[in-house]
Amino acid sequence: MNTKNTGATNILVIHGPNLNLLGMREPEIYGHESLQDINRELSRLANKVHAGVVFFQSNAESLLVDRIQQAMTDGTDFIIINPAAYTHTSVAMRDALAAVRIPFIEVHLSNIFSRETFRHHSYFSDMAVGVISGLGSKGYELALEYALMIRR
């Protein structure tokens, strides 16, 4: 019997509001890649190691909360989340992440600390395994790499 711990194998990637507009919306801040480009690359990387990755994007806070709660019973063992604008406002999403008790990494395409002051506070960072900010789509890839290798 193999007793070696392995990394996460069922990963949920949550994209918050307006990320469906990536590639069109403020490319000088968010880059030229579309959300589909990012998801496609993450799928390719996960498939290389036979891990499952599921993507969810919504502009509605309630749907994001519902999806986080669903993760408690659907086999998700790690979450990568870009809460986008909800980073700075959503106690509801924070509470959902606390309730499900699934480790997660918070990802931001832009460096939130080099932007407007109101973007400097996150309701998620203190609960996250880690935070990746300002590395563009590479941040998602690094979060996935970590999720795939951590020992649980």
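Only a predicted model underlies this, so the values are computations on that prediction, with no experimental measurement involved.

Draft legend 1. How the structure looks around the overall build of the chain. For the chain, the helix and strand inventory stands at five helices and five strands. Seen in sequence order, the chain has helices and strands lined up from the N terminus as β-α-α-β-α-β-α-β-β-α. For the C-alpha atoms alone, the extent of the chain along its principal axes is close to 55 × 30 × 25 Å. Across the 152 residues that make up the chain, the buried fraction comes to 44%. Taking the contacts inside the chain whose residues are at least 6 apart along the sequence as the reference set, 77% of them involve residues at least 24 apart. Of the side-chain charges in the chain, 13 are positive and 15 negative, and the distance between the mean point of each set is 7 Å.

Draft legend 2. Local environment of the UniProt feature "site: Transition state stabilizer" (unreviewed entry) in the chain. The positions UniProt marks with the feature "site: Transition state stabilizer" (unreviewed entry) are Arg25. Among all residues touching Arg25, those that are not within four sequence positions of it are Asn18 and Tyr30.

Draft legend 3. Examining the UniProt feature "binding site: substrate" (unreviewed entry) in the chain more closely. As recorded in UniProt, the sites labelled "binding site: substrate" (unreviewed entry) are Asn82, His88, Asp95, Leu109, Ser110 and Arg119. By the secondary structure assignment, Asp95 is in helix α4 (residues 91–100). If sequence neighbours within four positions are ignored, Ser110 has contacts with Ile29, Tyr30, Arg115, Ser133 and Gly134.

Draft legend 4. Representation of the sheet that holds strand β3 (residues 78–82) in the model. Pairing is parallel in the open sheet, where five strands are placed in the order β2-β1-β3-β4-β5. Only two strands of the sheet have a single partner each, and these edge strands are β2 (52–57) and β5 (130–133). Mean inter-strand twist for the sheet, computed between neighbouring axes without regard to direction, equals 15°. The sheet contacts of helix α2 (residues 35–48) involve β1 (10–15) and β2, and relative to β2 the element is tilted by about 165°.

Draft legend 5. Quick peek at the nonpolar core. Counting 24 residues, the largest nonpolar core has Ile11, Val13, Leu22, Phe78, Ile80, Leu109 and Tyr140 as its most contacted members. Only β1, α2, β3, β4 (104–108) and α5 (138–149) provide two or more residues apiece to this core. What Ile11 contacts, discounting residues up to four positions off in sequence, is Gly52, Val53, Val54, Asp77, Phe78, Ile80, Leu144, Ala147 and Leu148. Leu64, Ile81, Val100 and Phe104 belong to the second-largest nonpolar core, a separate cluster that totals 17 residues.

Draft legend 6. Just the side chain of Glu141, in detail. On the secondary structure map, Glu141 appears in helix α5. Glu141 sits in the buried class, given a relative accessible area of 18%. Not counting the four nearest positions on each side in its chain, Glu141 is found in contact with Glu41, Leu42 and Leu45.

Draft legend 7. Representation of the environment of Gly52. For Gly52, the position within the fold is in strand β2. The exposure class assigned to Gly52 is partly exposed, which follows from its relative accessible area of 27%. In the structure, Gly52 is positioned 24 residues away from Thr76 in sequence and 9.2 Å away in space, judged by C-alpha atoms.

Analysis parameters
- Residues numbered from 1 in each chain as written.
- Predicted model: local features only at pLDDT ≥ 70, side-chain atom pairs only at ≥ 80, totals over all residues.
- Heavy atoms only, no water.
- Helix = DSSP H or I, 4+ residues; strand = E, 2+ residues; numbered from the N terminus.
- Buried < 20%, exposed > 50% of the residue type's maximum accessible area, 1.4 Å probe, protein only.
- Contact = heavy atoms within 4.5 Å.
- Lys, Arg positive; Asp, Glu negative; His and termini not counted.
- Charge placed at Lys NZ, Arg CZ, Asp CG, Glu CD.
- UniProt positions renumbered as here; feature names shortened; annotations may be inferred.
- Pairing = 2+ DSSP bridges.
- Axes fitted to C-alpha atoms, helices over the stretch in contact; angles between N-to-C directions.
- Core = buried A, V, L, I, M, F, W, Y, C linked by side-chain atoms within 4.5 Å.

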